[in-house]
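# Coordinates in review
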Amino acid sequence: MSDAASETGHSARDSIWRRPERGTRGPTPAHSRDDIVAAAVAIADADGLAAVSMRAVAARLETGAASLYRYLSSRDDLLDLMADRVAAELRPYPEPDGDWMDALLRMARAQREVHERHPWLAELSQRPSAIGPEALAFFDACLGIMAAAPATLTAKFEAIAMMNGVAILFARQTSAGAGFTFAGMDLTPYPHLVAAFRQPPATPPATDLFDRALRGLLRALLAPDAS
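Residues numbered from 1 in each chain as written. Predicted model: local features only at pLDDT ≥ 70, side-chain atom pairs only at ≥ 80, totals over all residues. Heavy atoms only, no water.

### Describing the overall build of the protein
What counts is decided by this rule: In DSSP terms, a helix is any run of H or I states spanning at least four residues, a strand is any run of E spanning at least two, and both are numbered starting from the N terminus. Accessibility here uses a 1.4 Å probe with only protein chains present; expressed as a share of the type maximum, an area under 20% marks a residue as buried, one over 50% as exposed, and anything in between as partly exposed. Methods summary: accessible areas were calculated by the Shrake-Rupley approach with a probe of 1.4 Å, and residue burial reflects only the protein chains presented.
Along its length, the protein carries 11 helices and 0 strands. Listing the helices and strands of the protein from first to last along the sequence gives α-α-α-α-α-α-α-α-α-α-α. For the protein, buried positions account for 35% of its 227 residues. Put simply, the protein shows about 13,400 Å² of open surface, and 56% of that area lies on carbon and sulfur atoms.

### Quick word on the nonpolar core
Put simply, the test is: As used in this record, nonpolar core signifies buried Ala, Val, Leu, Ile, Met, Phe, Trp, Tyr and Cys residues forming a set joined through side-chain atoms within 4.5 Å. Every residue pair with non-hydrogen atoms within 4.5 Å of one another is taken to be in contact.
Ranked by size, the top nonpolar core spans 53 residues in total, and within it Val52, Val57, Leu78, Met82, Trp120 and Leu218 carry the most contacts. Mapped onto this core, the elements with two or more residues apiece are helix H2 (33–47), helix H3 (54–60), helix H5 (75–87), helix H6 (100–117), helix H7 (121–124), helix H8 (133–145), helix H9 (153–176) and helix H11 (209–221). No other element matches H6, which puts 9 residues into this core. Residue contacts for leucine 218: discarding those within four places in its chain leaves Met101, Leu104, Leu105, Ala159 and Met163.

### Notes on the environment of alanine 59
Mapping alanine 59 onto the fold places it in helix H3. As for alanine 59 and alanine 39, which are separated by 20 residues in sequence, their C-alpha atoms are 9.6 Å apart.

### Digging into the environment of leucine 104
Locating leucine 104 in the fold gives a position in helix H6. When its relative accessible area of 0% is taken as the criterion, leucine 104 is described as buried. In this structure the C-alpha to C-alpha distance between leucine 104 and methionine 163, which are 59 residues apart in sequence, comes to 8.9 Å. When near neighbours in sequence (up to four residues on either side) are disregarded, leucine 104 contacts Ile145, Met146, Met163, Leu218 and Leu222.

### Details of H8
Put simply, the rule is: An expected span of 1.5 Å times one less than the residue number is assigned to each helix. Summarising the geometry, the arc corresponds to the directions from the helix axis toward the C-beta atoms.
With 13 residues, H8 extends 18 Å between its outermost C-alpha atoms, agreeing within 8% with the 18 Å of an ideal straight helix rising 1.5 Å per residue. The complete set of buried residues in H8 reads Glu134, Ala135, Ala137, Phe138, Ala141, Cys142 and Ile145. For H8, the angular spread of buried residues about the axis comes to 160°, placing them on one side.

### Remarks on the packing of H6 against H8
Defined as follows: Where helices are involved, their axes are fitted lines through C-alpha atoms of the stretch in contact, as for all axes, and angles between N-to-C directions lie from 0 to 180°. Orientation categories follow fixed angle ranges, with anything under 35 degrees roughly parallel, anything over 145 roughly antiparallel, 65 to 115 roughly perpendicular, and all other angles oblique. Put simply, Ala, Val, Leu, Ile, Met, Phe, Trp, Tyr, Cys and Pro go in the nonpolar bin, Asp, Glu, Lys and Arg in the charged bin, and everything else, Gly too, in the polar bin.
Here H6 crosses H8 at 155°, and the two axes come no closer than 9 Å. One finds that H6 runs roughly antiparallel with respect to H8. Only Phe138, Ala141, Cys142 and Ile145 of H8 make contact with H6, whose side of the interface consists of Trp100, Ala103, Leu104, Met107 and Gln111. A class-by-class count of the residues in the contact of H6 with H8 yields 8 nonpolar, 1 polar and no charged.

### Quick word on the packing of H2 against H5
Orientation of H2 relative to H5, taken along the N-to-C sense of each, is 85°, at an axis distance of 9 Å. When the axis of H2 is compared with that of H5, the two are roughly perpendicular. In this structure, H2 uses Arg33, Asp34, Ile36, Val37, Ala38, Ala40, Val41 and Ala44 to contact H5, whose residues at the interface are Leu78, Leu81, Met82, Arg85 and Val86. The residue makeup of the contact of H2 with H5, split by class, is 10 nonpolar, no polar and 3 charged.

Rendered as C-alpha cells:
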C-alpha cells in the first residue's frame with residue numbers, strides 16, 4: 001500500500017456501492033443504509049460535518065454504534081454515501097435540448113442551491129472519495145447537455161469542475177450574509193476609490209453576477225479554440 005493509500009484508506013477499500021448493503025451475520029437489521037445516511041445528513045445540516053460520527057448517528061437512530069458496522073466499514077463510507085445522497089437533489093436534470101449554455105446554467109444554479117442547503121458538502125469535495133451512482137448520473141447529464149458544445153472532452157470536464165467551484169463560492173457568500181462595505185471609511189488617501197464613488201450610479205445588469213460570471217467562464221472554456 002502506498003503512503004497516500006495508507007493515509008486516506010480509499011485505495012485500500014472497495015467502493016461502498018460495490019458491497020452488499022449489510023453484512024450477512026448478526027440479527028435482522030432494525031435500520032437500512034438509507035436510514036443511516038439520512039440521519040448523518042440531518043446531523044451535518046444541523047451541526048456541521050465534524051459532528052457526524054458513527055456514535056452520533058447511532059444515537060440519533062437509538063441504536064448502538066457497533067451495529068452500524070454491519071452496514072458500513074468506516075466513517076469514510078458514510079461520508080461517501082452522504083455526498084451521493086445530496087447529489088440526488090440535483091434531479092430532475094435540465095433537458096439537453098435548445099440552448100446548451102442555458103441548460104448548463106440551470107444545472108449550475110441547482111448545484112448552488114444544494115450547497116446552500118448543505119454547507120458541509122464543500123468540505124467533502126476536498127477529500128478523496130469513491131464516486132457514487134448519483135455523481136455518475138450528474139456527470140452523464142452534464143455531458144449530455146454539452147453534447148453540442150464545440151469543445152474537447154477535457155474542456156467539458158474542466159467546465160464541470162469550474163461550475164462546482166463557482167457554485168460553492170456563491171453558496172458560501174450566501175451563508176456568510178452581508179458582504180464587505182466601504183460605508184463609514186475615510187477614503188481620502190485612496191484617489192481611485194474616491195473617483196469611483198463620485199461617478200453616477202450605473203444601471204444594474206440585467207442578470208445577476210452568478211449567471212454572468214458562469215456564462216463568461218463557460219463560454220471561454222468551451223470555445224472551439226480553447227486550449
